[in-house]
Every structure is written in structure tokens, then in C-alpha cells.
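Residue-level structural notes
Spelled out, the chains give:
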Amino acid sequence: DGGITQSPKYLFRKEGQNVTLSCEQNLNHDAMYWYRQDPGQGLRLIYYSQIVNDFQKGDIAEGYSVSREKKESFPLTVTSAQKNPTAFYLCASSRDSPDGYTFGSGTRLTVV
Amino acid sequence: AQSVSQHNHHVILSEAASLELGCNYSYGGTVNLFWYVQYPGQHLQLLLKYFSGDPLVKGIKGFEAEFIKSKFSFNLRKPSVQWSDTAEYFCAVNRYGTGTASKLTFGTGTRLQVTL
């Protein structure tokens, strides 16, 4: 079945460490996205990518970095510069058209 | 900047009650509108969407939404909720035909709790 795989499901890291969240899709979608979900704040866009080797900042990109070396993969790195990294992170993908997204199951990151 | 407002943050209903969740957006151009649902412990799933045509759209599980352009609204409705509808509901808006990646702007979500 086609879909989006995010791993791991739960991630714990010490404060000051960088951590990379994985997102892989086999839907042959061109565009991929990273959102952060916090209680009462909905989903906020971190980064998005239309095509391989290209990506743009979303609304809350500070403290995050991404890469898009392959169409199928869009990993997100949460750096030590992110002041409040504990959150639920969602990856999504879409065709290159104003259509809906397909979401992954998310990664819950806890920084202690 | 484009924004999406969901004024009901937490709604509690008894089974069989009718549901209406509000969604308003600020963008004045042509938009695509979506409602997503997130059941406890599950993926976000598309409930329904509006692109054009009949402003009353029907989605899965008996949900429907009405696009009222003059009110910039896309409210979600269901005549009779079930306990299994307990979930968080997100309204989302996308600008149509921007020529760039489809970027959805989400509302803050409404948590629906259905009691038996």
C-alpha cells in the first residue's frame, strides 16, 4: 500500500542535541511538508518542498533544517537552536496541484 | 496573511445530537477548503473538500460542509453524532492556482467529545 512512513513514533533527546526525524513516501508525490502540532495551536508549517533539491521555509522554520535529496524522502532536523522542540511532528505529501494532503502517523519528540 | 479560525475549541455533545463546527478564513481570492479529522491515536484523514460547484459538499461518515462565500465560512455539520465521532477536527484552506506547492493553512482545531 502507498503511504507515508514517519519514524520513530516516539523520540526522546537531551536538551542541546540535534535530532533528525525521518519521513518517507512511496506515493510518487512531488511535494512534501513538515508541520508541528501543539495543543490549541493546530498545525503550523515548518518547511515544505515542491521538488528534489528545493525547499522553502514555512511559518515557523527557526531552529529547524531539512533536505530533499530524493523524491521519496524529506528528513527534518530539530537543532539545538529550537527553543521549544517538544511537540508532535507531522509529515505530509501531495501531488503538485491544489489537492489535499496525505499525512504520516507522526513523531512525538520529547526533549528533556 | 491568510488565516483560518475555528472558534469552537472544545465541544461536548450527547450521542444523536446535531453538530455544527465553525470555520472562517481570511483570504479573499479563490480558495480550496478542507476538513480533516484526527481520531485518537490515528493519522489525520481527509473528511471532505470543496473546490468548486455545489457549495454543499458531502464527505465520509455522514459529514457535510457548506461553503458560504459571502461569509468566508465553511462550517462542518452532521445531523446525528455517534460516540465514534469523538476526535479532533481541523479546517484548512489552500489558495487556488498559486503555481506553487499546495500549502494548506490549518485552523487551531476543535476537539469533539461525544458522550453516551
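Please read these numbers as outputs of a predicted model, since none were measured by experiment. (Residues numbered from 1 in each chain as written. Chains lettered and ligands numbered in written order. Predicted model: local features only at pLDDT ≥ 70, side-chain atom pairs only at ≥ 80, totals over all residues. Heavy atoms only, no water.)

Turning next to the overall build of chain A. Looking only at helices and strands, chain A has 0 helices and 11 strands in total. Walking chain A from its N terminus toward its C terminus, one meets helices and strands in the order β-β-β-β-β-β-β-β-β-β-β. Over its C-alpha trace chain A gives a radius of gyration of 13 Å, about what one expects of a compact globule, namely 13 Å for 112 residues. For chain A, the spread of C-alpha atoms along the principal axes amounts to about 40 × 25 × 25 Å. Pairs at least 24 residues apart make up 51% of the contacts formed inside chain A by residues separated by at least 6 positions. Only carbon and sulfur atoms are counted for the fraction: they give 45% of the accessible area of chain A, which is about 5,500 Å². Between the mean site of the 12 positive side-chain charges and the mean site of the 12 negative ones, chain A shows a separation of 7 Å. (Helix = DSSP H or I, 4+ residues; strand = E, 2+ residues; numbered from the N terminus. Rg over C-alpha atoms; globule rule 2.2 N^0.38 Å. Contact = heavy atoms within 4.5 Å. Areas by Shrake-Rupley, 256 points an atom, 1.4 Å probe, with all protein chains shown as cover. Lys, Arg positive; Asp, Glu negative; His and termini not counted. Charge placed at Lys NZ, Arg CZ, Asp CG, Glu CD.)

Turning to the sheet that holds strand β7 (residues 64–66) of chain A, a few remarks are in order. Residues and elements named next belong to chain A. One open sheet accounts for 4 strands, arranged β1-β3-β8-β7; its pairing is antiparallel. If you trace the sheet from one side to the other, it starts and ends with β1 (4–7) and β7, each paired once. Pairwise comparison of adjacent strand axes, ignoring direction, gives a mean angle of 20 degrees for this sheet. Pairing between β7 and strand β8 (residues 76–78): 3 bridges, direction antiparallel. By the bridge assignment, V66 is partnered in β8 with L76. (Pairing = 2+ DSSP bridges. Axes fitted to C-alpha atoms, helices over the stretch in contact; angles between N-to-C directions.)

Tallying each qualifying case throughout the model produces 8 salt bridges over all chains. Of the charged contacts in the structure, one is a salt bridge between A:D38 and A:R36, with a shortest N-O distance of 2.7 Å. For the pair A:D38 and A:R36, one class covers both residues: buried. Through salt bridges with shared partners, a single ionic network connects B:K58, B:E64, B:E66 and B:R77. (Salt bridge = Lys/Arg side-chain N within 4 Å of Asp/Glu carboxyl O. Buried < 20%, exposed > 50% of the residue type's maximum accessible area, 1.4 Å probe, protein only.)

What follows concerns the environment of A:D54. All names here are of chain A. With respect to the helices, strands and loops of the structure, D54 is situated in the loop between β5 (42–49) and β6 (56–57). You can call D54 partly exposed: its relative accessible area is 26%. Through-space distance from the C-alpha of D54 to that of V112 is 32 Å; in sequence the pair is 58 residues apart. When residues no more than four places from it in sequence are discounted, the contact partners of D54 are S49 and R68. A polar side-chain atom of D54 sits 2.8 Å from a polar atom in the side chain of Q56. (Polar contact = N/O pair within 3.5 Å; in protein donor to acceptor, adjacent residues only side chain to side chain.)

Function cannot be read off these values alone, since they describe shape.
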